[in-house]
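Chain by chain, the residues run as shown.
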Amino acid sequence: MKRLRPVLLGLLSLAYPPLVYLGLGHFEPRWMALPLAGMAVVRAVATREKMWLAAAVGALVLAASSMLGNHALPLKLYPVLVNSVLLTVFATSLAYPPSVIERLARLREKDLPPSGVLYTRKVTQVWCGFFVLNGSLALTTALWASDATWALYNGLIAYGLMGLLFAGEWVVRQRVRARHAHG
């Protein structure tokens, strides 16, 4: 069950925007806040990391705001919260190395050369930029776009952009590795 929790949280997070969009057509926002509150409680129980506990508290605040005011906006701000937390995690790792991407790279390559450390630092910076842009677009859609546009961006387009960044970084990494192998 312990290994299943992160997978379930990931799937719920992926499904969150479409579920909110579909649910708001049938239920009041206060009832749609219950799944967010549930995700927050599971997140709080599943982690001991301060950053993710703070995210769980933030999600509970959003859920409580939605429940008490019966407003949809706090529900739509959850992707902004997620991007803010990820930005904080990645940016903090730049200030206090090793970077998030370096840690991931060292899972495959224990003896990462200095060029690899520099590369992973740059990739971490790119991800920070992505989280700023994505979080800004999530906020823009939450505040000024229709529910359908919000769900489309946060439930599909944002993940497509993330996938493009993963794929683009993989292509660049292959070229950088080949250059260092031949150089």
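Cut-offs applied
- By convention here, each chain's residues receive numbers from 1 onward along its written sequence.
- Residues qualify for local features only when their pLDDT is at least 70, as the model is predicted, and side-chain atom pairs are given and counted only at 80 or more; totals for whole chains, interfaces and linings, by contrast, use all residues.
- As a rule here, side-chain values cover all heavy atoms of the structure and leave hydrogens and water aside.
- We define a nonpolar core as any set of buried Ala, Val, Leu, Ile, Met, Phe, Trp, Tyr and Cys residues linked to one another through side-chain atoms lying within 4.5 Å.
- For every residue, the accessible area obtained with a 1.4 Å probe (protein chains only) is divided by the maximum for its type, and the residue is called buried under 20%, exposed over 50%, and partly exposed between those limits.
- By definition, any uninterrupted DSSP run of H or I lasting at least four residues is a helix, any uninterrupted run of E lasting at least two residues is a strand, and each is numbered from the N terminus.
- A contact between two residues is defined here by any heavy atoms of the two lying within 4.5 Å.
- Counted as a polar contact is a pair of N or O atoms within 3.5 Å, where, for protein atoms, one must be capable of donating a hydrogen and the other of accepting one, and residues adjacent in sequence contribute only when both atoms are in side chains.
- For every residue, the predictor states its confidence as a pLDDT score lying anywhere from 0 to 100.
- Expected span of a helix, by definition, is 1.5 Å for each gap between consecutive residues, and there is one gap fewer than residues.

In this structure, Tyr-16, Leu-36, Leu-75 and Tyr-78 are the most contacted members of the largest nonpolar core, which totals 21 residues. Looking at which element gives the most residues to this core, the answer is helix H2 (residues 29-46), with six residues. When residues no more than four places from it in sequence are discounted, the contact partners of Tyr-16 are Leu-36, Met-39, Leu-75, Tyr-78, Pro-79 and Trp-150. Counting residues in hydrophobic clusters, the runner-up holds twelve residues, among them Val-100, Cys-128, Leu-165 and Val-176.

Quick look at the side chain of Lys-76 now. With respect to the helices and strands, Lys-76 occurs in helix H4 (residues 73-76). When its relative accessible area of 6% is taken as the criterion, Lys-76 is described as buried. Within the structure, Lys-76 has its side chain in polar contact with the side chain of Asp-147 (distance 2.8 Å).

Residues shown with low pLDDT carry predicted positions that ought not to be read at fine detail. Chain-level pLDDT for the protein chain is 91 on average; 98% of the residues reach the 70-or-more range. Averaged over each element, pLDDT in the protein chain is lowest for helix H1 (residues 4-24) (83) and highest for H4 (98).

Moving on: helix H8 (residues 147-182). With 36 residues, H8 should cover 52 Å at 1.5 Å per step; its first-to-last C-alpha distance of 51 Å lies within 8% of that length. Buried within H8 we find Trp-150, Ala-151, Tyr-153, Asn-154, Gly-155, Ala-158, Leu-165, Glu-169 and Val-176. Those residues of H8 hidden inside the fold are in contact with H1, H4, helix H5 (78-95) and helix H7 (114-144).

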